[in-house]
Amino acid sequence: VGNPLITGTRYVARGTRCNVCNTRFKAPLPSDVKDAPKYDASVATTLAIARYSLGLPMHRIEKNQSHHGVPMPDATQWDLLRALYQTVYPVYGALQKQASNGSLILYDDTPGRILEYKTQGLATHTTAFISVYEEHKIFLYFTGRNHAGKNSGAILDKRTNEQPVIAMMDASPSNAPQMKTELTARFILCFCLVHGRRKFFEISNAFEENCDFVLNIIGQVYANDAHCKKEKLTPEARLLYHQTHSQPLMDSLYVWLNNQRTYVQHESNSGFGEAVRYMLRHRIPLT
């Protein structure tokens, strides 16, 4: 059964007019109808899902509702969503507090669109921030002029957990968090190995033999991780498995990469040279 996003019920009170005195009489609405709020609480949440999960513009929602005979002007949608935001904002603040104390955080930027800033020629970003706290994943999003590093720093400023935190991101300088000095010693920085692998994969047609060597070793590390997931190993057992089976692979890879640079086995300004430099420059967070 198909339905519009928002359904509604129209109540029509019948009216009559006296032909003698022209007095109008209107049937009263039942109190449960007259005193009920115009919009059910589910209307705002449905609009929020449509706008921010499905990505439907408010004007498009308005047109769709008009096709079904249930008007929902975009200005009304905005008022309902703004009221909903005020309702859930305390929850958002609580989630930020919980996320700051996570044992594992992952974050990165993607382009964001704010028309006011775009007309001024200013760049905007959306930071996707994920925190694993007591085996729960907390997802937060920030859209504005701040990069991921500044947004994550604002979250980490709320941290009260004295345990180390593992942070996963790419090697972009804008991802470096601005955090308190005492947290630096407990901040375990990890860069995404996928980015390192991609640099070799994208140039594999031009440097087939050398790139195949790198991709093969990283592929074995991925196979080890797939085994850990399949066996549902604990984080401690997974780390031990990688230390036993993956560390020798990565050590041998870095010996080979270092020899490539030391003995000038490639053109340093080539795509392959850039990929080698990336892996060597970020060896510790990549491993």
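Look above for the structure.
Attention in this report is confined to the structure presented alongside it. All figures in this text were calculated on a predicted structure; none of them were measured in a lab. (Residues numbered from 1 in each chain as written. Predicted model: local features only at pLDDT ≥ 70, side-chain atom pairs only at ≥ 80, totals over all residues. Heavy atoms only, no water.)

## With respect to the overall build of the protein chain
Inference 1: Across its full length, the protein chain holds 13 helices and seven strands.
Inference 2: Its C-alpha atoms give the protein chain principal-axis dimensions of about 110 × 45 × 45 Å.
Inference 3: The proportion of buried residues among the 287 residues of the protein chain is 32%.
Inference 4: Nonlocal contacts in the protein chain, meaning residues at least 24 apart in sequence, comprise 54% of its contacts between residues at least 6 apart. (Helix = DSSP H or I, 4+ residues; strand = E, 2+ residues; numbered from the N terminus. Buried < 20%, exposed > 50% of the residue type's maximum accessible area, 1.4 Å probe, protein only. Contact = heavy atoms within 4.5 Å.)

## Concerning the nonpolar core
Inference 1: In this structure, I105, F129, F200, L253, L257 and M279 are the most contacted members of the largest nonpolar core, which totals 39 residues.
Inference 2: Each residue touching F129, except ones within four places of it in the same chain, is listed here: A99, I105, L106, Y107, I138, F139, L140, F142, S152 and I155.
Inference 3: Core analysis: the next-biggest nonpolar cluster, separate from the first, contains 11 residues, V43, A48, A50 and L80 among them. (Core = buried A, V, L, I, M, F, W, Y, C linked by side-chain atoms within 4.5 Å.)

## Focus on the side chain of S204
Inference 1: With respect to the helices and strands, S204 occurs in the loop between α8 (193–201) and α9 (208–230).
Inference 2: The exposure class assigned to S204 is buried, which follows from its relative accessible area of 15%.
Inference 3: Excluding anything up to four places from it in sequence, S204 contacts C211 and L215.

## Some words on the environment of T76
Inference 1: Among the secondary structure elements, T76 is positioned in helix α4 (residues 74–100).
Inference 2: Spatially, the C-alpha atom of T76 lies 9.6 Å from that of E62, the residues being 14 residues apart in sequence.

## What to know about the sheet that holds strand β7 (residues 187–191)
Inference 1: One open sheet accounts for five strands, arranged β5-β4-β3-β6-β7; its pairing is mixed. Looking along the sheet, the strands with just one partner apiece sit at the ends: β5 (136–144) and β7. Put simply, the sheet's adjacent strands are angled 20 degrees from each other on average, direction ignored.
Inference 2: Pairing of strand β3 (residues 104–111) with strand β6 (residues 165–169) involves three bridges; the strand directions are parallel. Looking at β6, one finds that I105 is bridged to A167.
Inference 3: Contacts from helix α6 (residues 148–156) reach β3, β4 (125–133), β5 and β7 within the one sheet, and its direction differs from that of β3 by about 145 degrees. (Pairing = 2+ DSSP bridges. Axes fitted to C-alpha atoms, helices over the stretch in contact; angles between N-to-C directions.)

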